[in-house]
Amino acid sequence: MAHDFEPTIIGFTCNWCSYRAADMAGLSRMKYPPNIRLIRLMCSGRLDPTFVLKAFAEGADGVFISGCHPGDCHYIEQNYKTIRRYHLLRRTLTQMGIEPERLRLVWASAAEGAHFVEEATKMVEAVRALGPLNWMQDGRPRTNDKGLSASVARSGPSSAQEVTA
Amino acid sequence: MTDKPKFAMYWAASCGGCEIAVLNIHEKILDVDANFDVVFWPVAMDAKYKDVEAMPDGYITMTLFNGGIRNDENEHIAKLLRRKSKILVAFGSCANEGCIPGLANLSKPQEIFDTAYATVSTDNPNGIRPQPKWSAPEGELHIPKFYPVLRTLDQVVPVDYHMPGCPPESHQIAAVVDLVVKALHGEATLPPAGAVIGAGDSTVCDECPRTRNVKTIKQFTRIQDFKPDPKLCLLEQGIVCNGPATRSGCGALCPQVGAQCIGCYGPAEGVVDYGARLMTAVASVIDSTDPKEIDKILNGIPDPAGQFYRFNLAKSLLRASKAAIQG
(Lines give C-alpha, C1' and ligand atoms only; values in the text may rest on other atoms or scores of the structure.)
Protein backbone atom coordinates (compact mmCIF):
# COMPACT_ATOMS: atom_id res chain seq x y z
CA MET A 1 0.00 0.00 0.00
CA ALA A 2 2.67 2.45 1.08
CA HIS A 3 4.65 1.57 -2.08
CA ASP A 4 1.77 2.75 -4.28
CA PHE A 5 1.63 6.14 -2.63
CA GLU A 6 3.27 8.99 -4.52
CA PRO A 7 3.29 12.06 -2.28
CA THR A 8 2.50 15.48 -3.69
CA ILE A 9 4.94 18.03 -2.32
CA ILE A 10 4.85 21.74 -3.00
CA GLY A 11 8.33 23.25 -2.98
CA PHE A 12 9.01 26.95 -2.57
CA THR A 13 12.39 28.16 -3.78
CA CYS A 14 13.94 31.59 -3.75
CA ASN A 15 15.00 33.25 -6.98
CA TRP A 16 18.61 33.81 -6.02
CA CYS A 17 19.90 30.64 -4.35
CA SER A 18 17.69 27.60 -4.04
CA TYR A 19 15.94 27.90 -7.41
CA ARG A 20 19.37 28.10 -8.97
CA ALA A 21 20.43 25.08 -6.95
CA ALA A 22 17.53 23.18 -8.50
CA ASP A 23 18.57 24.57 -11.87
CA MET A 24 22.12 23.43 -11.24
CA ALA A 25 20.83 19.94 -10.40
CA GLY A 26 18.95 19.89 -13.70
CA LEU A 27 21.91 21.14 -15.75
CA SER A 28 24.11 18.54 -14.10
CA ARG A 29 21.58 15.83 -15.02
CA MET A 30 21.12 14.87 -11.39
CA LYS A 31 17.93 12.97 -10.66
CA TYR A 32 15.47 13.55 -7.86
CA PRO A 33 11.90 12.37 -7.35
CA PRO A 34 9.39 14.29 -9.46
CA ASN A 35 7.02 14.56 -6.48
CA ILE A 36 8.18 18.09 -5.68
CA ARG A 37 6.42 20.82 -7.65
CA LEU A 38 8.55 23.91 -7.41
CA ILE A 39 7.20 27.43 -7.13
CA ARG A 40 9.73 30.21 -7.40
CA LEU A 41 9.47 33.18 -5.07
CA MET A 42 11.81 36.14 -5.09
CA CYS A 43 12.87 35.33 -1.53
CA SER A 44 12.05 32.68 1.06
CA GLY A 45 11.02 35.67 3.20
CA ARG A 46 8.14 36.14 0.75
CA LEU A 47 6.73 32.83 1.94
CA ASP A 48 3.49 33.75 3.63
CA PRO A 49 2.38 30.93 5.97
CA THR A 50 -0.91 31.19 4.06
CA PHE A 51 0.80 29.49 1.08
CA VAL A 52 1.74 26.51 3.24
CA LEU A 53 -1.72 26.19 4.79
CA LYS A 54 -3.37 26.50 1.38
CA ALA A 55 -1.12 23.78 -0.03
CA PHE A 56 -2.03 21.39 2.80
CA ALA A 57 -5.72 22.29 2.66
CA GLU A 58 -5.84 21.66 -1.09
CA GLY A 59 -4.19 18.27 -1.01
CA ALA A 60 -0.42 18.57 -0.66
CA ASP A 61 1.19 15.87 1.49
CA GLY A 62 4.21 18.00 2.29
CA VAL A 63 5.66 21.47 1.82
CA PHE A 64 9.34 22.07 1.13
CA ILE A 65 10.75 25.56 1.75
CA SER A 66 14.20 26.51 0.59
CA GLY A 67 16.25 29.67 0.45
CA CYS A 68 19.71 31.18 0.69
CA HIS A 69 21.87 30.19 3.64
CA PRO A 70 21.54 32.47 6.69
CA GLY A 71 23.77 35.46 6.11
CA ASP A 72 23.63 35.05 2.32
CA CYS A 73 20.14 36.42 1.67
CA HIS A 74 19.95 38.58 -1.44
CA TYR A 75 17.68 40.86 0.58
CA ILE A 76 20.14 40.88 3.51
CA GLU A 77 18.07 39.41 6.34
CA GLN A 78 14.69 38.25 5.06
CA ASN A 79 15.53 34.57 5.40
CA TYR A 80 15.85 35.10 9.15
CA LYS A 81 12.16 35.95 9.06
CA THR A 82 11.65 32.69 7.21
CA ILE A 83 13.31 30.80 10.09
CA ARG A 84 11.07 32.49 12.66
CA ARG A 85 7.89 31.90 10.71
CA TYR A 86 8.87 28.32 9.95
CA HIS A 87 9.39 27.50 13.64
CA LEU A 88 6.13 29.14 14.65
CA LEU A 89 4.19 27.54 11.81
CA ARG A 90 5.51 24.07 12.67
CA ARG A 91 4.23 24.46 16.22
CA THR A 92 0.80 25.46 14.99
CA LEU A 93 0.69 22.65 12.43
CA THR A 94 1.59 20.11 15.11
CA GLN A 95 -1.44 21.22 17.12
CA MET A 96 -3.54 20.77 14.00
CA GLY A 97 -2.31 17.18 13.71
CA ILE A 98 0.04 17.75 10.76
CA GLU A 99 3.33 15.98 11.44
CA PRO A 100 6.27 18.42 11.57
CA GLU A 101 8.12 16.27 9.01
CA ARG A 102 5.62 17.41 6.40
CA LEU A 103 7.16 20.87 6.50
CA ARG A 104 10.86 21.13 5.83
CA LEU A 105 13.19 24.13 5.58
CA VAL A 106 16.41 23.65 3.64
CA TRP A 107 19.15 26.11 2.75
CA ALA A 108 20.80 25.69 -0.63
CA SER A 109 23.18 28.06 -2.40
CA ALA A 110 23.21 28.38 -6.18
CA ALA A 111 26.18 25.99 -6.29
CA GLU A 112 24.57 23.28 -4.14
CA GLY A 113 22.65 21.29 -6.73
CA ALA A 114 23.68 18.00 -5.15
CA HIS A 115 22.62 19.17 -1.71
CA PHE A 116 19.23 20.25 -3.09
CA VAL A 117 18.75 16.83 -4.69
CA GLU A 118 19.70 15.04 -1.48
CA GLU A 119 17.34 17.10 0.68
CA ALA A 120 14.47 16.89 -1.80
CA THR A 121 14.87 13.11 -1.95
CA LYS A 122 14.94 12.85 1.86
CA MET A 123 11.78 14.94 2.05
CA VAL A 124 9.92 12.79 -0.47
CA GLU A 125 10.92 9.59 1.33
CA ALA A 126 10.00 11.00 4.74
CA VAL A 127 6.55 12.02 3.50
CA ARG A 128 6.09 8.75 1.65
CA ALA A 129 6.75 6.95 4.94
CA LEU A 130 4.16 9.12 6.70
CA GLY A 131 1.49 8.35 4.09
CA PRO A 132 -1.12 10.63 2.53
CA LEU A 133 -2.30 13.65 4.50
CA ASN A 134 -5.85 13.55 3.07
CA TRP A 135 -6.93 16.95 4.31
CA MET A 136 -10.63 17.64 4.20
CA GLN A 137 -12.65 19.54 1.69
CA ASP A 138 -16.01 21.17 2.38
CA GLY A 139 -15.92 20.09 5.98
CA ARG A 140 -15.30 16.44 5.24
CA PRO A 141 -12.08 14.48 5.03
CA ARG A 142 -11.08 13.36 1.60
CA THR A 143 -10.27 9.71 1.22
CA ASN A 144 -9.29 9.34 -2.41
CA ASP A 145 -5.62 9.72 -3.33
CA LYS A 146 -6.55 10.39 -6.93
CA GLY A 147 -8.87 13.19 -5.86
CA LEU A 148 -6.01 14.77 -3.96
CA SER A 149 -3.62 14.69 -6.87
CA ALA A 150 -6.28 15.94 -9.25
CA SER A 151 -6.90 18.95 -7.07
CA VAL A 152 -3.24 19.93 -7.09
CA ALA A 153 -3.02 19.35 -10.83
CA ARG A 154 -5.97 21.67 -11.36
CA SER A 155 -4.33 24.52 -9.52
CA GLY A 156 -0.95 23.52 -10.98
CA PRO A 157 -0.62 25.00 -14.48
CA SER A 158 -0.15 28.62 -13.49
CA SER A 159 2.56 27.80 -10.96
CA ALA A 160 4.19 25.35 -13.36
CA GLN A 161 4.39 28.08 -15.98
CA GLU A 162 5.99 30.36 -13.49
CA VAL A 163 8.67 27.82 -12.68
CA THR A 164 9.63 27.16 -16.30
CA ALA A 165 9.32 30.78 -17.46
CA MET B 1 -49.93 40.90 11.85
CA THR B 2 -49.25 44.11 9.97
CA ASP B 3 -47.66 44.49 6.54
CA LYS B 4 -44.42 45.81 8.00
CA PRO B 5 -41.16 44.14 6.90
CA LYS B 6 -40.49 40.93 8.80
CA PHE B 7 -37.53 40.40 11.14
CA ALA B 8 -36.09 37.18 12.56
CA MET B 9 -33.13 36.32 14.72
CA TYR B 10 -31.86 32.84 15.44
CA TRP B 11 -29.09 31.24 17.48
CA ALA B 12 -27.30 28.08 16.54
CA ALA B 13 -24.06 27.05 18.32
CA SER B 14 -23.46 30.25 20.28
CA CYS B 15 -23.60 31.70 23.76
CA GLY B 16 -26.53 34.12 23.48
CA GLY B 17 -24.32 37.19 23.76
CA CYS B 18 -25.35 38.33 20.27
CA GLU B 19 -28.99 38.52 21.35
CA ILE B 20 -27.97 40.59 24.36
CA ALA B 21 -25.95 42.83 22.06
CA VAL B 22 -29.05 43.44 19.90
CA LEU B 23 -31.11 44.34 22.96
CA ASN B 24 -28.22 46.55 24.09
CA ILE B 25 -28.77 49.03 21.25
CA HIS B 26 -30.91 50.97 23.75
CA GLU B 27 -33.75 53.06 22.31
CA LYS B 28 -32.85 51.95 18.78
CA ILE B 29 -34.64 48.71 19.62
CA LEU B 30 -37.83 50.80 19.35
CA ASP B 31 -36.90 51.53 15.72
CA VAL B 32 -36.65 47.79 15.15
CA ASP B 33 -40.11 47.39 16.62
CA ALA B 34 -41.52 50.40 14.73
CA ASN B 35 -40.18 49.25 11.37
CA PHE B 36 -40.39 45.47 11.60
CA ASP B 37 -42.71 42.71 12.65
CA VAL B 38 -40.67 40.26 14.67
CA VAL B 39 -41.83 36.89 13.33
CA PHE B 40 -39.26 34.53 14.81
CA TRP B 41 -36.80 35.14 17.63
CA PRO B 42 -36.58 32.23 20.07
CA VAL B 43 -34.84 34.28 22.76
CA ALA B 44 -37.38 37.10 22.75
CA MET B 45 -40.70 35.53 21.78
CA ASP B 46 -42.50 32.23 21.48
CA ALA B 47 -42.55 30.66 18.04
CA LYS B 48 -42.23 27.15 16.69
CA TYR B 49 -40.18 25.82 13.82
CA LYS B 50 -43.42 24.77 12.13
CA ASP B 51 -44.49 28.45 12.09
CA VAL B 52 -41.37 29.25 10.08
CA GLU B 53 -41.91 26.21 7.84
CA ALA B 54 -45.42 27.50 7.07
CA MET B 55 -44.15 30.90 5.87
CA PRO B 56 -43.87 31.46 2.12
CA ASP B 57 -40.30 31.52 0.77
CA GLY B 58 -38.69 34.96 1.07
CA TYR B 59 -41.31 36.02 3.62
CA ILE B 60 -38.81 37.32 6.18
CA THR B 61 -37.16 40.58 5.11
CA MET B 62 -34.07 40.19 7.27
CA THR B 63 -32.73 37.40 9.46
CA LEU B 64 -29.83 37.88 11.83
CA PHE B 65 -28.32 34.43 12.25
CA ASN B 66 -25.81 33.93 15.00
CA GLY B 67 -23.99 30.76 15.96
CA GLY B 68 -22.04 28.09 14.14
CA ILE B 69 -23.39 24.88 12.62
CA ARG B 70 -22.61 22.19 15.16
CA ASN B 71 -25.48 19.71 14.71
CA ASP B 72 -28.20 18.75 12.26
CA GLU B 73 -30.76 21.00 13.95
CA ASN B 74 -28.50 24.02 13.35
CA GLU B 75 -28.10 22.99 9.72
CA HIS B 76 -31.82 22.40 9.22
CA ILE B 77 -32.74 25.83 10.58
CA ALA B 78 -29.93 27.53 8.63
CA LYS B 79 -31.32 26.07 5.41
CA LEU B 80 -34.90 26.83 6.42
CA LEU B 81 -34.15 30.46 7.28
CA ARG B 82 -32.10 30.86 4.11
CA ARG B 83 -35.17 29.84 2.12
CA LYS B 84 -37.55 32.05 4.07
CA SER B 85 -35.35 35.18 4.20
CA LYS B 86 -34.66 37.85 1.62
CA ILE B 87 -31.57 39.03 3.52
CA LEU B 88 -29.60 36.55 5.62
CA VAL B 89 -26.95 38.12 7.83
CA ALA B 90 -24.21 36.02 9.43
CA PHE B 91 -24.35 37.90 12.70
CA GLY B 92 -21.44 37.77 15.12
CA SER B 93 -18.23 35.82 15.21
CA CYS B 94 -19.72 32.31 15.57
CA ALA B 95 -21.77 32.49 12.39
CA ASN B 96 -18.90 34.09 10.50
CA GLU B 97 -15.85 32.21 11.66
CA GLY B 98 -16.79 29.68 14.36
CA CYS B 99 -15.61 31.74 17.34
CA ILE B 100 -15.01 29.95 20.65
CA PRO B 101 -17.32 27.00 19.77
CA GLY B 102 -15.13 26.60 16.68
CA LEU B 103 -12.10 25.88 18.87
CA ALA B 104 -13.71 22.49 19.51
CA ASN B 105 -12.52 21.74 15.97
CA LEU B 106 -9.17 20.96 17.61
CA SER B 107 -10.71 17.97 19.41
CA LYS B 108 -12.41 14.73 18.43
CA PRO B 109 -16.17 14.61 19.13
CA GLN B 110 -15.44 11.85 21.65
CA GLU B 111 -13.04 14.12 23.55
CA ILE B 112 -15.65 16.89 23.58
CA PHE B 113 -18.22 14.55 25.11
CA ASP B 114 -15.67 13.24 27.61
CA THR B 115 -14.97 16.80 28.75
CA ALA B 116 -18.66 17.63 28.99
CA TYR B 117 -19.86 14.44 30.72
CA ALA B 118 -16.90 12.75 32.40
CA THR B 119 -14.50 15.20 33.99
CA VAL B 120 -14.13 15.82 37.73
CA SER B 121 -16.18 18.99 37.55
CA THR B 122 -19.18 17.08 36.16
CA ASP B 123 -21.64 15.43 38.54
CA ASN B 124 -22.61 12.39 36.49
CA PRO B 125 -22.31 9.32 38.77
CA ASN B 126 -24.07 6.96 36.35
CA GLY B 127 -21.96 8.04 33.40
CA ILE B 128 -25.01 9.06 31.40
CA ARG B 129 -24.28 10.19 27.85
CA PRO B 130 -26.71 11.78 25.40
CA GLN B 131 -28.29 9.24 23.06
CA PRO B 132 -29.33 10.38 19.57
CA LYS B 133 -32.38 8.08 19.81
CA TRP B 134 -34.43 7.06 22.84
CA SER B 135 -37.49 4.88 23.07
CA ALA B 136 -40.02 6.35 25.48
CA PRO B 137 -43.55 5.09 26.13
CA GLU B 138 -44.83 7.97 24.02
CA GLY B 139 -42.68 6.97 21.05
CA GLU B 140 -39.11 7.32 19.81
CA LEU B 141 -37.36 10.54 20.82
CA HIS B 142 -34.50 12.15 18.92
CA ILE B 143 -31.95 14.78 19.79
CA PRO B 144 -29.93 16.60 17.13
CA LYS B 145 -27.04 14.70 15.59
CA PHE B 146 -23.65 16.11 16.59
CA TYR B 147 -21.33 16.78 13.65
CA PRO B 148 -17.59 15.98 13.77
CA VAL B 149 -16.64 19.61 13.14
CA LEU B 150 -18.35 22.96 13.54
CA ARG B 151 -18.98 24.85 10.30
CA THR B 152 -19.65 28.51 9.72
CA LEU B 153 -22.98 29.65 8.31
CA ASP B 154 -21.53 30.41 4.86
CA GLN B 155 -20.02 26.92 4.70
CA VAL B 156 -23.60 25.62 4.79
CA VAL B 157 -25.79 28.18 2.98
CA PRO B 158 -25.16 31.34 0.91
CA VAL B 159 -24.99 34.43 3.12
CA ASP B 160 -25.87 37.99 2.05
CA TYR B 161 -23.95 39.99 4.65
CA HIS B 162 -21.33 39.34 7.28
CA MET B 163 -21.41 41.26 10.52
CA PRO B 164 -18.40 40.39 12.69
CA GLY B 165 -17.74 40.79 16.39
CA CYS B 166 -18.03 38.83 19.60
CA PRO B 167 -20.52 40.28 20.01
CA PRO B 168 -20.95 43.05 17.41
CA GLU B 169 -20.65 46.42 19.15
CA SER B 170 -24.00 48.08 19.84
CA HIS B 171 -23.16 51.30 17.95
CA GLN B 172 -22.37 49.16 14.89
CA ILE B 173 -25.65 47.23 15.22
CA ALA B 174 -27.53 50.51 15.60
CA ALA B 175 -25.85 51.87 12.44
CA VAL B 176 -26.83 48.76 10.49
CA VAL B 177 -30.43 48.97 11.77
CA ASP B 178 -30.47 52.63 10.67
CA LEU B 179 -29.17 51.74 7.23
CA VAL B 180 -31.65 48.91 6.68
CA VAL B 181 -34.55 51.09 7.84
CA LYS B 182 -33.45 53.87 5.46
CA ALA B 183 -33.09 51.36 2.62
CA LEU B 184 -36.62 50.12 3.29
CA HIS B 185 -37.86 53.69 2.88
CA GLY B 186 -35.83 54.14 -0.29
CA GLU B 187 -33.47 56.67 1.34
CA ALA B 188 -30.34 54.55 1.12
CA THR B 189 -29.02 51.59 -0.83
CA LEU B 190 -27.78 48.41 0.75
CA PRO B 191 -24.15 47.40 0.20
CA PRO B 192 -23.45 44.71 -2.44
CA ALA B 193 -24.18 41.11 -1.44
CA GLY B 194 -21.35 39.39 0.36
CA ALA B 195 -20.17 42.60 2.02
CA VAL B 196 -18.94 42.90 5.57
CA ILE B 197 -21.24 45.34 7.36
CA GLY B 198 -21.05 47.01 10.74
CA ALA B 199 -17.26 47.08 10.83
CA GLY B 200 -14.27 48.97 9.48
CA ASP B 201 -12.01 47.99 6.60
CA SER B 202 -8.68 48.41 8.36
CA THR B 203 -7.06 46.79 11.41
CA VAL B 204 -7.48 47.25 15.15
CA CYS B 205 -3.95 48.75 15.21
CA ASP B 206 -5.30 51.60 13.11
CA GLU B 207 -7.83 52.45 15.82
CA CYS B 208 -5.45 51.85 18.72
CA PRO B 209 -4.12 55.02 20.35
CA ARG B 210 -0.98 53.37 21.74
CA THR B 211 2.40 54.54 20.45
CA ARG B 212 4.10 52.23 17.97
CA ASN B 213 7.84 51.97 17.31
CA VAL B 214 10.03 49.37 15.66
CA LYS B 215 9.33 46.07 17.38
CA THR B 216 12.08 43.76 18.60
CA ILE B 217 10.95 40.99 20.91
CA LYS B 218 13.30 38.93 23.07
CA GLN B 219 10.58 37.41 25.20
CA PHE B 220 6.84 36.92 24.94
CA THR B 221 4.93 37.49 28.11
CA ARG B 222 1.39 37.93 29.38
CA ILE B 223 -0.43 40.82 31.00
CA GLN B 224 -0.76 38.98 34.33
CA ASP B 225 3.01 38.63 34.54
CA PHE B 226 4.06 42.29 34.49
CA LYS B 227 2.73 45.83 34.40
CA PRO B 228 2.66 47.02 30.79
CA ASP B 229 3.39 50.62 29.88
CA PRO B 230 -0.09 52.15 29.38
CA LYS B 231 0.92 54.23 26.35
CA LEU B 232 3.13 51.82 24.41
CA CYS B 233 2.03 49.20 21.83
CA LEU B 234 1.38 45.92 23.66
CA LEU B 235 3.03 43.73 21.02
CA GLU B 236 6.13 45.87 21.39
CA GLN B 237 6.13 44.94 25.09
CA GLY B 238 6.05 41.23 24.28
CA ILE B 239 2.33 40.66 24.66
CA VAL B 240 0.88 38.74 21.73
CA CYS B 241 -1.75 41.19 20.56
CA ASN B 242 -3.98 40.13 17.65
CA GLY B 243 -4.51 43.70 16.48
CA PRO B 244 -2.33 43.52 13.34
CA ALA B 245 -4.61 40.93 11.65
CA THR B 246 -7.96 41.88 13.14
CA ARG B 247 -10.63 43.96 11.45
CA SER B 248 -11.30 47.39 12.86
CA GLY B 249 -14.75 48.47 13.98
CA CYS B 250 -14.68 47.93 17.73
CA GLY B 251 -12.72 51.12 18.42
CA ALA B 252 -9.76 49.15 19.86
CA LEU B 253 -11.60 48.77 23.15
CA CYS B 254 -9.36 46.09 24.66
CA PRO B 255 -5.94 47.67 24.08
CA GLN B 256 -7.29 50.96 25.44
CA VAL B 257 -7.96 49.35 28.81
CA GLY B 258 -4.68 47.46 28.90
CA ALA B 259 -5.74 44.11 27.49
CA GLN B 260 -4.42 42.73 24.22
CA CYS B 261 -6.72 42.35 21.23
CA ILE B 262 -7.88 38.74 21.03
CA GLY B 263 -9.27 39.07 17.51
CA CYS B 264 -13.04 38.90 17.89
CA TYR B 265 -13.74 41.09 14.84
CA GLY B 266 -12.13 38.46 12.63
CA PRO B 267 -9.76 38.86 9.71
CA ALA B 268 -9.05 42.32 8.32
CA GLU B 269 -9.96 43.12 4.71
CA GLY B 270 -8.00 40.99 2.25
CA VAL B 271 -6.70 38.46 4.79
CA VAL B 272 -7.12 34.89 3.51
CA ASP B 273 -6.07 33.04 6.63
CA TYR B 274 -6.28 34.97 9.88
CA GLY B 275 -3.79 32.83 11.81
CA ALA B 276 -1.27 32.89 8.99
CA ARG B 277 -1.39 36.67 8.91
CA LEU B 278 -0.81 36.82 12.65
CA MET B 279 1.98 34.25 12.59
CA THR B 280 3.68 36.34 9.91
CA ALA B 281 3.38 39.48 12.01
CA VAL B 282 4.35 37.97 15.34
CA ALA B 283 7.24 35.82 14.09
CA SER B 284 8.86 38.64 12.16
CA VAL B 285 9.31 40.85 15.23
CA ILE B 286 11.33 38.21 17.11
CA ASP B 287 14.76 39.66 17.74
CA SER B 288 17.01 36.70 17.01
CA THR B 289 18.71 35.00 14.10
CA ASP B 290 19.60 31.84 15.99
CA PRO B 291 17.14 28.96 15.50
CA LYS B 292 17.69 27.68 19.06
CA GLU B 293 17.03 31.07 20.59
CA ILE B 294 14.02 31.60 18.31
CA ASP B 295 12.59 28.32 19.52
CA LYS B 296 13.14 29.36 23.12
CA ILE B 297 11.42 32.72 22.55
CA LEU B 298 8.50 30.89 20.92
CA ASN B 299 8.02 28.90 24.15
CA GLY B 300 6.44 32.14 25.36
CA ILE B 301 3.46 31.30 23.12
CA PRO B 302 2.35 28.00 24.69
CA ASP B 303 -0.80 27.52 22.59
CA PRO B 304 -0.24 28.93 19.10
CA ALA B 305 -3.39 27.44 17.53
CA GLY B 306 -5.53 28.85 20.34
CA GLN B 307 -3.70 32.17 20.20
CA PHE B 308 -3.83 32.70 16.45
CA TYR B 309 -7.18 31.07 15.72
CA ARG B 310 -9.12 31.84 18.89
CA PHE B 311 -12.12 33.07 16.90
CA ASN B 312 -11.28 31.93 13.42
CA LEU B 313 -10.46 28.22 13.42
CA ALA B 314 -13.61 27.01 11.64
CA LYS B 315 -13.09 29.60 8.89
CA SER B 316 -9.34 29.04 8.53
CA LEU B 317 -7.86 27.23 5.55
CA LEU B 318 -7.44 24.03 7.58
CA ARG B 319 -10.75 24.47 9.44
CA ALA B 320 -10.08 21.76 12.04
CA SER B 321 -7.40 19.46 13.38
CA LYS B 322 -6.76 16.13 11.71
CA ALA B 323 -8.08 14.33 14.80
CA ALA B 324 -11.38 16.23 14.59
CA ILE B 325 -12.00 15.66 10.90
CA GLN B 326 -11.20 11.98 11.19
CA GLY B 327 -13.52 11.69 14.16
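Residues numbered from 1 in each chain as written. Chains lettered and ligands numbered in written order. Predicted model: local features only at pLDDT ≥ 70, side-chain atom pairs only at ≥ 80, totals over all residues.

(A) The overall build of chain A, seen in detail. Secondary structure summary: chain A contains five helices and six strands in total. Starting at the N terminus and ending at the C terminus, chain A contains elements arranged as β-α-β-α-β-α-β-α-β-β-α. Looking at chain A as a whole, 45% of its 165 residues are labelled buried. When contacts within chain A are restricted to residue pairs at least 6 apart in sequence, long-range pairs at least 24 apart make up 80% of them. (Helix = DSSP H or I, 4+ residues; strand = E, 2+ residues; numbered from the N terminus. Buried ≥ 20, exposed ≤ 12 C-beta atoms within 10 Å, placed from the backbone. Contact = placed C-beta atoms within 7 Å.)

(B) Main features of the domain arrangement of chain B. Per the domain assignment, the segments of chain B are domain 1 (6–101 + 148–184), domain 2 (109–146) and domain 3 (204–325). Between domain 2 of chain B and domain 3 of chain B, the C-alpha centre-to-centre distance is 37 Å. (Domains from an automatic or database assignment.)

(C) Summary view of the packing of helix α1 (residues 18–27) of chain A against helix α4 (residues 113–130) of chain A. All names here are of chain A. Where α1 meets α4, the axes come as close as 7 Å, and the angle between the chain directions of the two elements is 95°. By the angle between their axes, α1 is roughly perpendicular relative to α4. Within the contact between the two elements, α1 uses S18, A21, A22, M24 and A25 and α4 uses G113, H115, F116 and V117. Broken down by class, the residue content of the contact of α1 with α4 amounts to six nonpolar, three polar and no charged. (Axes fitted to C-alpha atoms, helices over the stretch in contact; angles between N-to-C directions. Parallel < 35°, antiparallel > 145°, perpendicular 65-115°, else oblique. Nonpolar A, V, L, I, M, F, W, Y, C, P; charged D, E, K, R; others polar.)

(D) Just the sheet that holds strand β3 (residues 62–67) of chain A, in detail. Residue and element names in this part refer to chain A. Across the sheet, four strands lie side by side as β2-β1-β3-β4; this open sheet has parallel pairing. Where the open sheet ends on each side, the last strands, each with one partner, are β2 (36–41) and β4 (103–107). Going from strand to strand, the sheet's axes swing by 20° on average, the running direction of each strand aside. Across four bridges, strand β1 (residues 9–14) lies against β3 in parallel orientation. (Pairing = 2+ DSSP bridges.)

(E) Molecular detail of the environment of I60 of chain B. Residues and elements named next belong to chain B. Examined against the element boundaries, I60 turns out to sit in strand β3 (residues 60–66). For I60, a count of 24 C-beta atoms within 10 Å puts it in the buried group. For the pair I60 and P5, spaced 55 residues apart in the sequence, the C-alpha separation amounts to 7.3 Å.

(F) Spatial organisation of the interface of chain A and chain B. Tallying the contact residues gives 26 residues for chain A and 30 residues for chain B. Taken together, the residues that form the side of chain A that touches chain B break down as 14 nonpolar, six polar and six charged.

(G) Inspection of the packing of helix α2 (residues 28–35) of chain B against helix α8 (residues 170–184) of chain B at higher detail. Residues and elements named next belong to chain B. With their axes 10 Å apart at the nearest point, α2 and α8 run at an angle of 30° to one another. Relative to α8, α2 is oriented roughly parallel. Crossing geometry of α2 relative to α8 is assigned as left-handed. Between α2 and α8, the contacting residues are K28, D31, V32 and N35 on the first element and A174, V177, V181 and L184 on the second. Tallied by class, the residues present in the contact of α2 with α8 amount to five nonpolar, one polar and two charged. (Left-handed = near helix turned anticlockwise from the far one by under 90°.)

(H) Molecular detail of the nonpolar core. Counting 131 residues, the largest nonpolar core has I9, F56 and V63 of chain A together with Y10, F65 and V89 of chain B as the members making the most contacts within it. No other element matches the seven residues that helix α11 (residues 274–284) of chain B contributes to this core. When residues are assigned to domains, this core turns out to be shared by domain 1 (6–101 + 148–184) and domain 3 (204–325) of chain B, each giving three or more. For V89 of chain B, the residues in contact, after removing those within four places along its chain, are M62, T63, L64, F65, D160, Y161 and M163 of chain B. (Core = buried A, V, L, I, M, F, W, Y, C linked by C-beta atoms within 7 Å.)

(I) Layout of the sheet that holds strand β1 (residues 6–11) of chain B. Residues and elements named next belong to chain B. Ordered by their spatial adjacency, five strands build an open sheet running β2-β1-β3-β5-β9, and the pairing between neighbours is parallel. Each edge of the sheet is formed by a strand with only one pairing partner; in this case those strands are β2 (37–40) and β9 (161–163). Averaged over all neighbouring strand pairs, the angle between strand axes comes to 25°, with direction disregarded. Sheet analysis places strand β5 (residues 85–91) next to β9, joined by three bridges and oriented parallel. Among the inter-strand pairings, A90 is bridged to a residue of β9, identified as H162.

(J) Region of interest: the confidence of the model for chain B. When pLDDT is averaged along chain B, the result is 95, and 100% of the positions lie at 70 or above. Taking the mean pLDDT of every element in chain B, the minimum, 89, falls on helix α14 (residues 322–325) of chain B and the maximum, 98, on helix α5 (residues 93–97) of chain B. (pLDDT = per-residue confidence, 0-100.)

(K) Fine view of unusual backbone geometry. Note that the residue after C166 of chain B, namely P167 of chain B, is joined by a cis bond; omega there is -10°. Within the element layout of this structure, P167 of chain B appears in the loop between β9 and α8. Residue I76 of chain A is not a glycine yet carries a positive backbone phi of 70°. Mapped onto the fold, I76 of chain A is located in the loop between β3 and α3 (78–95).

(L) Highlighting the environment of F40 of chain B. All names here are of chain B. If you trace the backbone, F40 turns up in strand β2. Classification of F40 by C-beta neighbours within 10 Å gives buried; the count is 25. Separated by 137 residues in sequence, F40 and V177 place their C-alpha atoms 17 Å apart. Apart from the residues lying within four places of it in its own chain, the contact partners of F40 are A8, Y10, A47, D51 and V52.

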